[in-house]
Amino acid sequence: MNSLVEPRKWERLFWPLFVSALLLGAWHYCVVWTATKIFPSPLEVERGMAQLFHENVLWRDIYDSLRRVAVGFGAAAALGIPLGLTLGWYPAADQVVNPVMQILRPISPIAWIPVAIIFFGVGDHAAVFLIFLGAFFPIVVACIDGVSNVPSVYRRAGRNFGLAPWQLLTRVVFPASLPQIIVGLRIALGIAWLVVVAAEMIAVDSGLGYLIIDSRNSGKRYDLVVAAMLLIGLIGLALDVAFRRLEKLKSVRWGFRNEA
Amino acid sequence: MSSMEALAIPVALQTKLRAEHVNMVFRRDGKETSVLRDINLDVGDGEFLCLLGPSGCGKSTLLNTMAGFLSPTSGQITVDGEAVRGPDPRRIFVFQERGVFPWLTVEGNIEFGLFKLPREERERRVAHYIQMVGLKGFEKSYPPELSGGMKQRLEVARALAVNPDMLLLDEPFGALDSITRLIMRGELLRIWQAERKTIIFVTHDIDEAVQLADRVVVMSARPAHIQEIVTIDIPHPRDISSPRYLELRDGIFKQIGLAHKI
């Protein structure tokens, strides 16, 4: 097949569904052939998921997880974007802060769990703090890179038209780096969704992460464990798809390669 | 000869921009490179001047010092008798079409420099210049949807909208195909004749210089100094197969040291 040929509409839907069905089939027969008593088959997982929905705990857990991500990610964006823009704008400040950031950045938010519990106790605040940490650094770094990659012709044009430094930042540098900032936000949101599950396993007693650990601890309900895992995957996908819509906005679309 | 030249230039030229003993030395990795050497030049008000020279000779550097983006190592540039200390909306630098802002529509780009004006005046100017550069119907389009020539016209419109005294164009048509380039030269002349701005136009294309300019400043290879200033005493529209055109063009070819044969 020629790689330049656009796949037809039905093909774009059919093949992904076909592969999913294939995987489900493989999973089903693996369970049957190995005659495992512990690992659930797809049908058992489906029943488990239905049970969760009926008991109405699931909505509560989904809501709690999303709420924690919204608060933690929101705070990371609210602090990270201005900080990143400032550091990108003043390279001298960046040089001062950069070493500290480079040391903090590779530390997994999971490693912060004991520290978070000392700071905030076991509870919501600790979980939100961990999500904040996970999302904060990618956002700051994306903003710094975004600002320093703004072509000098744009800055010069802005100065030529008599913009004050503050106007230059808001009217030229910010919109010019926005595509890169959006990419950073998207990566950060993905990380936030990873971290929330881990945080909920330890610090709180609600949310999808807690659902997994609780299902295992109270009677080894692996059908519920896998059901929760699949839900986490689906919601993560939905978040990413929703965020990708931002990239289609006309004022940032120029910054994405395949949309030139 | 000199009396004929005076006749051919229709405007009484008052000095708009003056460069006096401008030298520029770049220092990189402990090495000094002299880029401009003792440039002395008067540009008349409303004049169309071309700076012509080989690639990398320093003519863009000279244009950048005139715009105020760079300051000369020694010497000074004055505009209306006032020393240039930085970029100013009264003289707008036009880059190749890369200078338009891709996050703004055609309208948004033209309006960019008009933030100090009341809304009605902004709208009036945007409409006027969209009309002038022939972008009507594309008001809401974004630059990636436009062709190279359209983007270039958009950048010229954005520059003209702030009503500058001077346009500084740095090889503005360099990235366009040869047919579009010819059309754009005609457009630029039309706009220049309508608006009577002082235009300083950097190019390495001898034909382009002779077609457009009142005077062509021929610059040497680096360090650039002014080799000769050629007055193009042919009225517009210019017949580019006329003997006088060919004579002037050949003169510049020889001046640059190129035999006119391939």
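Below: a short report on this structure. Being a predicted model, the structure only gives us computed values, none of them experimental.

F73 of chain A together with F48, I200 and V216 of chain B are the most contacted members of the largest nonpolar core, which has 154 residues in total. Setting aside residues no more than four positions away along its own chain, F48 of chain B makes contact with L188, L189, W192, I199, F201, L212, A213, D214 and R215 of chain B.

Two side chains bearing opposite charge may form a pair once their charged atoms approach each other closely. Residue and element names in this part refer to chain B. Enumeration according to the criterion identifies 33 salt bridges over all chains in this entry. Note that R185 is salt-bridged to E208, the shortest N-O span being 2.9 Å. Remark: E208 occurs in helix α7 (residues 206–212) and R185 occurs in helix α6 (residues 178–195); sequence separation between them is 23 residues. Taken individually, R185 and E208 each receive the classification buried, so the pair is uniform in this respect.

Below, the discussion takes up the sheet that holds strand β4 (residues 74–79) of chain B. All names here are of chain B. With antiparallel pairing, 4 strands are arranged side by side in an open sheet as β2-β1-β4-β5. Of all the strands in the sheet, the pair left with one neighbour each is β2 (31–44) and β5 (82–83). Bridge count between β4 and β5: 2 bridges; the pairing is antiparallel. Pairing of V79 across the sheet is with E82, part of β5. Packed onto the sheet, helix α2 (residues 59–67) meets β1 (15–28), β2 and β4 and runs at close to 65 degrees relative to β2.

On to the pairing of strand β7 (residues 166–170) of chain B. Residues and elements named next belong to chain B. Burial analysis of β7 places 5 of its 5 residues in the buried class, which makes it a mostly covered element. Residues M166, L168 and D170 point to one face of β7 and L167 and L169 to the other, with burial holding for every one of them. Pairing analysis gives 5 bridges linking β7 to strand β8 (residues 198–203), with the strands arranged parallel. When the sheet's bridge partners are listed, M166 is paired in β8 with T198.

Calculation criteria
- Residues numbered from 1 in each chain as written.
- Chains lettered and ligands numbered in written order.
- Predicted model: local features only at pLDDT ≥ 70, side-chain atom pairs only at ≥ 80, totals over all residues.
- Heavy atoms only, no water.
- Core = buried A, V, L, I, M, F, W, Y, C linked by side-chain atoms within 4.5 Å.
- Buried < 20%, exposed > 50% of the residue type's maximum accessible area, 1.4 Å probe, protein only.
- Contact = heavy atoms within 4.5 Å.
- Salt bridge = Lys/Arg side-chain N within 4 Å of Asp/Glu carboxyl O.
- Helix = DSSP H or I, 4+ residues; strand = E, 2+ residues; numbered from the N terminus.
- Pairing = 2+ DSSP bridges.
- Axes fitted to C-alpha atoms, helices over the stretch in contact; angles between N-to-C directions.

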